[in-house]
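Observations on the model geometry
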Amino acid sequence: MSEKPVMESIARLVPPGSRVLDLGCGDGALLAHLQATRACSGYGVEIDDAKVLACMRRGVSVLQLNLEDGLTMFEDDAFDVVLQIDTLQHLRNAETMLRETARVGRAGVVAFPNFAHWPNRLHVLQGRMPVTKRLPYQWYDTPNIRVGTHADFEVLARRNGLTIEDSFGLHEGREIRTWPNLLASTAVFRFSS
């Protein structure tokens, strides 16, 4: 997720000067943006060799780790903000990683495709899994091992004792604060423990 308006919406959730851990940081574009525009520091975590190299080319400090192994190398509250942008839906241990995000960061920011977006609902009503700009894969070859909705994450956060500080949806670069479960293709949350 590297569109400029999307990066700016996420960046507004990160206080200037924060120490940031970006889980599943991809090519490092978001962390580079936070460093350049908000004077943040920190690390990205990525498993893919090509993306690790892209981070290094951007000047982003990156650790090559498998998130399925957890975050035991980091102390409690080691970071001001931990980001999971388009990461949660790829993890087998999503709930564990959510708790780990809250443990190692004073705040967490999560964003993921919102399966309850109205075009997705329409596809399912027609008997087909959705293939959209935000969910561009066929059901049989998707890297997403789970789907979730804006409303589902609210329940999961409460169940894990997390406080949602801000939530909204994103669609085509715009923030959606009215009916995000229906009108947004991406769910975004800032939370703390």
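In the block above lies the structure referred to throughout.
Residues numbered from 1 in each chain as written. Predicted model: local features only at pLDDT ≥ 70, side-chain atom pairs only at ≥ 80, totals over all residues. Heavy atoms only, no water.

**Considerations on the overall build of the chain**
- A count of helices and strands for the chain gives seven helices and eight strands.
- For the chain, whose C-alpha radius of gyration is 16 Å, the value lies close to the compact-globule estimate of 16 Å for 193 residues.
- In terms of overall dimensions, the chain has a C-alpha envelope of 45 × 35 × 30 Å along the principal axes.
- Here the chain holds 193 residues, and 48% of them are scored as buried.
- Put simply, 64% of the contacts in the chain that link residues at least 6 apart link residues at least 24 apart. (Helix = DSSP H or I, 4+ residues; strand = E, 2+ residues; numbered from the N terminus. Rg over C-alpha atoms; globule rule 2.2 N^0.38 Å. Buried < 20%, exposed > 50% of the residue type's maximum accessible area, 1.4 Å probe, protein only. Contact = heavy atoms within 4.5 Å.)

**Considerations on the environment of Asp-22**
- Note that Asp-22 resides in strand 1 (residues 19-23).
- Distance from Asp-22 to Arg-128, taken between C-alpha atoms, is 34 Å for residues 106 residues apart in sequence.
- Contact partners of Asp-22, with chain neighbours within four places excluded, come to Leu-30, Leu-31, Tyr-43, Gly-44, Val-45 and Leu-83.

**A word on the pattern of salt bridges**
- Here the structure, examined in full by the defined rule, presents twelve salt bridges.
- For the salt bridge of Arg-134 with Asp-86, the shortest nitrogen-to-oxygen distance reads 2.5 Å. A residue pair is termed long-range when its members are at least 10 positions apart, and Arg-134 in the loop between helix 5 (118-125) and helix 6 (150-159) and Asp-86 in the loop between strand 4 (79-85) and helix 4 (94-104) qualify at 48 residues.
- Taking the shortest distance from any N to any O, the salt bridge between Glu-175 and Arg-177 comes out at 3.4 Å.
- Here the salt bridges do not stand alone but share partners, grouping Arg-12, Asp-166, Glu-175 and Arg-177 into one network. (Salt bridge = Lys/Arg side-chain N within 4 Å of Asp/Glu carboxyl O.)

**Some details on the state of the cysteines**
- For the structure on display, the rule yields zero disulfides.
- Cys-25 takes part in no disulfide bond, and the closest cysteine sulfur to it belongs to Cys-55, at a distance of 3.6 Å. (Disulfide = S-S within 2.5 Å.)

**Remarks on the sheet that holds strand 6 (residues 163-171)**
- Here we have eight strands laid out as an open sheet, ordered 3-2-1-4-5-8-6-7, and mixed in their pairing. Only two strands of the sheet have a single partner each, and these edge strands are strand 3 (62-64) and strand 7 (174-176). The mean inter-strand angle of the sheet, taken between neighbouring strand axes irrespective of direction, is 20°.
- Alignment of strand 4 against strand 5 (residues 105-113), held across six bridges, turns out to be parallel. From the neighbouring strand, Leu-83 faces strand 5, where its bridge partner is Val-109.
- Relative to the sheet, helix 1 (residues 4-11) contacts strand 4, strand 5, strand 6, strand 7 and strand 8 (186-192), its axis offset from that of strand 6 by approximately 170°.
- Most of the contacts of helix 4 go to strand 5, to which it runs at about 145°, and overall it touches strand 1, strand 4, strand 5 and strand 8. (Pairing = 2+ DSSP bridges. Axes fitted to C-alpha atoms, helices over the stretch in contact; angles between N-to-C directions.)

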